[in-house]
Amino acid sequence: MRKRLIAFGLLGAFCLQLLGCGAGRPAVSGSQASTVAEVGDGRTPSPEIQALSLPELAGMTAVAENGRLALFAGQEDGRVALYVKQTGAVWSSAPLLDETDERLTEAQRRLVSSPIDILYYNAANTEQERNGQIASIGRGGLICTVKDHCLSFVYIFPDDGIQITVEFRLNGDGLSVSVPLDKIVESQGNRLTEISLLPYFGCGTLDDEGYLLVPDGSGALIRMNNGKSTGAPIQEPLYGDDIVVNSERRDALRRSMTLPVLGIRRNGRGLLNIVTEGDAGASVNAYTAGMKRRLNCAYFSFNYRATDSVVLDSSSKKAKLVKMIADTPNSAERFTLRLVPLTGAGDYGEMAARYRTYLIDEQGLQASDTATRRPLYVDCYGALQKQGTVLCMPATVTVPLTTYEQAGEMMAALIDAGIDDVVFSYDGWTQGGVTGPLPTKGKYESRLGGRKAFAALTQRAAALGVTFVPNVGVTDLYTSGNGYSKSRTAAALLNGTPGLQYAYDLSSRLRDKTLTPYYLVSPQQYTGALQRFFAGYDTTGLSAVGLKKTGWALYSDHHRVSIDRQQAKAMVLDACRYARQQTGGLLTQNANGYTAAVSDWILQAPSQGSGYDIEDGSVPFYALVFSGLKSYSIEATNLSADVQSVLLRAIETGASLSYAFTAQNSAETANTYLAPVYSSDYREWLETAAEQYAALRTVQQATGATAMVAHSRLADGVYETVFANGARVRVNYQKTAYTDAAGTVAAMDYQIIR
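Note that the structure is predicted; figures quoted are calculated from it, not measured. (Residues numbered from 1 in each chain as written. Predicted model: local features only at pLDDT ≥ 70, side-chain atom pairs only at ≥ 80, totals over all residues. Heavy atoms only, no water.)

S.K.: It is not clear to me how the packing of aromatic side chains should be interpreted in this structure. Could you clarify?
M.R.: Describing an aromatic ring pair means giving the distance of the ring centres and the angle of the ring planes. Going through the model one piece at a time under the given rule, you end up with 32 aromatic pairs. Considering the side-chain rings of Tyr-355 and Tyr-358, the 6.0 Å spacing of their centres and the 25° angle between planes classify their relative orientation as stacked. Here Tyr-355 pairs with Tyr-358, and both are found in helix H6 (residues 348-363), just three residues apart, close to one helical turn. Considered together, Tyr-355 and Tyr-358 belong to a single accessibility category, that of buried residues. The interplanar angle of 55° and the centroid separation of 6.3 Å between the aromatic rings of Phe-661 and Tyr-682 together place this pair among those described as tilted. Remark: Tyr-682 occurs in helix H15 (residues 682-703) and Phe-661 occurs in strand S36 (residues 656-661); sequence separation between them is 21 residues. If you follow Arg-266 out to its NZ or CZ, it ends over the ring of Trp-91, 4.5 Å from the centre. Lying across the ring of Tyr-287, Arg-293 places its NZ or CZ 5.8 Å from the centre. (Phe/Tyr/Trp six-rings, centres within 6.5 Å; stacked < 30°, edge-to-face > 60°. Helix = DSSP H or I, 4+ residues; strand = E, 2+ residues; numbered from the N terminus. Buried < 20%, exposed > 50% of the residue type's maximum accessible area, 1.4 Å probe, protein only. Lys NZ or Arg CZ within 6 Å of the ring centre and 35° of its normal.)

See below:
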């Protein structure tokens, strides 16, 4: 090992000579900067760039430039920095700190200059955490090279037997930062589990002003230096938990991190951080000043290996919690970030606009034909199975909630009430209802009416002009049958046992063990199940199909051949695209970014954040990204404690309204897997739905159903949204009126400004 380190040291010295050493000189002018190509990976830095003299670039050397940016590297300390030609701003992997500031110790200053941190398990199965500045760079483990204007840093952790390569390349108006997984080296029996990439890039110091944007639900802001250091930081997996690993408790208010993007606004400048590769293995991290990371930072970490905890001998006093670690690393080829400095206001509105442009230009996102519609979404339930009695004997019985005929009557009642645009999602309509077997045998639920009655419902929906969307459940295995069983179909944990799934008590949020647990279907079964569904059921006349849960559920499977979440994401997208091809339309629920992109209808899109301790409020970042591209609703009005607030939130976010309806036996959902669907008799809500729909239609006429282009907070509980046609809409969630030069917004009301 010693000879190896000496060789690395010699190579490092050669690389330092290759890079050279910059000295302080005048800054580049705009006319000089404009002579370089606007796009591309970069070229040899011009003399003007090499001569730049700025405090943030001290000790760094220019590596590459293009028409917008210049990339600088610190050969001895592993720093990287971006110089933005248009604004003169510098974004760096390590903050510029005042050495006389006693609020940070010398040890803390070293910690916050780390470009990479890692977690691994040693041969004794004990978790170890290492800071790159101390355990790699400080131990002589840094190697840097420049080839074809690509900067490469190799971080060697000599005492830990781990080596990681990070590559930096200019890419148009941003910097691509990649970790090639095939270049990761492990030894000494150590197994790498997590990489935190550039944790302090663009971070805010103790004196900076601004905020961090996290993709929590609809989006949320964390103000820099907000004094909330006694709370918990955000450390959440992108796209929600791997739900095959079932938790003991589930917080009803906890939303998923829905989009692979973070934002930093610091002293009037903005930075966007996008995961472009390896997103399903990423986690969102955010800290405010005074927490473990001391400063205000938001960054992504990546799971190199999956881990799980298993209780051994749980029935005895010798029960032991053992950490299991996957043998196989993440299936992604690379973990890649795109760091994009913003040149405008740098606020979350510009962040959303730039991310939207990335999705359209680079990911092929297209506007759905449904994007300009603002329908009323109805989430209707057909039948469910629950424990009851037959001839005085305990038995599983099927309870009809909305028969096929009643569903048609519900559609007609909505139209008669003046709701002339309805998207009608119908769940639990196949054999066994919501908790029946996978719908692959063409069997209808006899308690709801049978095959002919369903065909009549499809025809009636078409005659009424209702968009009828039957939901197809391919994720949950409540009952074996139709060729699917626990032993052959269920997604498994790392130890190979099927991952049990539970309902959660609405008050305690603990597992409800009075209900029989179910299993998750392996993601590799999705498309095959859909093929059998379309072969068995008559979908003639349908313009869309629903895959509600696939919109948000992303989980691994370690049954026979391990499937990680990156592979599962690809399988989800294959299933969504296949289903959409069969009918021409797709509805998903609470969709993560990747499924939102392939959906035509998004039921109950996120409209709020989780309200984590360190957050300072929700923002409609999700809506700013997808407005004008997709049709989406917010949460069900009749399942909310505040009906008027739901209407205002729909107005604020350019969303449609939704309701969860049944036609009969609504009380029968108690103590079942449909317990969250309460107060669902549509007759009790018809008048309210019509009134809210009319109000939303008035707003739509003013905005022209155009996209949201800006959003701002006017005062506590008062917000303004600007639409592409110039219309402005203000909403007031307060119990008192709000007045300014533009007029008055009454309490719990809205104002349209044309």
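S.K.: Just checking my understanding: could you explain the packing of helix H10 (residues 526-536) against helix H11 (residues 565-583) for this structure?
M.R.: Running from amino to carboxyl end, H10 crosses H11 at an angle of 20°, the nearest separation of the two axes being 8 Å. Between H10 and H11, the angle falls in the class roughly parallel. Once H10 is placed against H11, the crossing between them reads as right-handed. For the pair formed by H10 and H11, the contact residues are Tyr-526, Thr-527, Leu-530, Gln-531 and Phe-534 on the first element and Met-571, Val-572, Asp-574, Ala-575, Tyr-578, Ala-579, Gln-582 and Thr-583 on the second. (Axes fitted to C-alpha atoms, helices over the stretch in contact; angles between N-to-C directions. Parallel < 35°, antiparallel > 145°, perpendicular 65-115°, else oblique. Left-handed = near helix turned anticlockwise from the far one by under 90°. Contact = heavy atoms within 4.5 Å.)

S.K.: Teacher, can you tell me more about the nonpolar core here?
M.R.: Here is a general trend for soluble globular proteins: nonpolar side chains tend to be buried in one another's company. Counting 189 residues, the largest nonpolar core has Ile-164, Phe-168, Phe-424 and Tyr-426 as its most contacted members. Apart from the residues lying within four places of it in its own chain, the contact partners of Phe-168 are Leu-71, Val-80, His-149, Cys-150, Leu-151, Phe-153, Leu-175, Ser-176, Val-177 and Leu-198. Judged by nonpolar contacts, the second largest core, of ten residues, contains Leu-57, Ala-62, Ala-70 and Ala-81. (Core = buried A, V, L, I, M, F, W, Y, C linked by side-chain atoms within 4.5 Å.)

S.K.: Whenever I open this one, unusual backbone geometry confuses me. Can you help?
M.R.: Excluding glycine, residues mostly have negative phi values, and the peptide bonds linking residues are mostly trans. Phi at Asn-267 takes a positive value of approximately 50°, unusual for a residue other than glycine. In this fold, Asn-267 is placed in the loop between strand S16 (261-266) and strand S17 (269-277). In the Ramachandran plot, Asn-671 falls in the positive-phi region, its phi being about 60° despite a non-glycine side chain. The exposure class of Asn-671 is exposed, given its relative accessible area of 63%.

S.K.: I tried to follow the pairing of strand S35 (residues 631-636) on my own but got confused; where do I start?
M.R.: Within a regular beta strand, the side chains point alternately toward one face of the sheet and then the other, so they alternate between its two faces. Judged by how many residues are buried, S35 sits mostly within the fold: five of six residues are covered. Once the chain exits strand S34 (residues 601-603) it traverses helix H13 (residues 621-626) before rejoining the sheet at S35, and the crossover so formed is right-handed. As paired strands, S35 and S36 are joined by two bridges and run parallel to one another. Bridged to Ala-636 within S36 is Ser-658. This β-α-β element, S35 to helix H14 (residues 643-653) to S36, shows right-handed connectivity. (Right-handed = clockwise from strand over helix to strand, strands pointing away. Pairing = 2+ DSSP bridges.)

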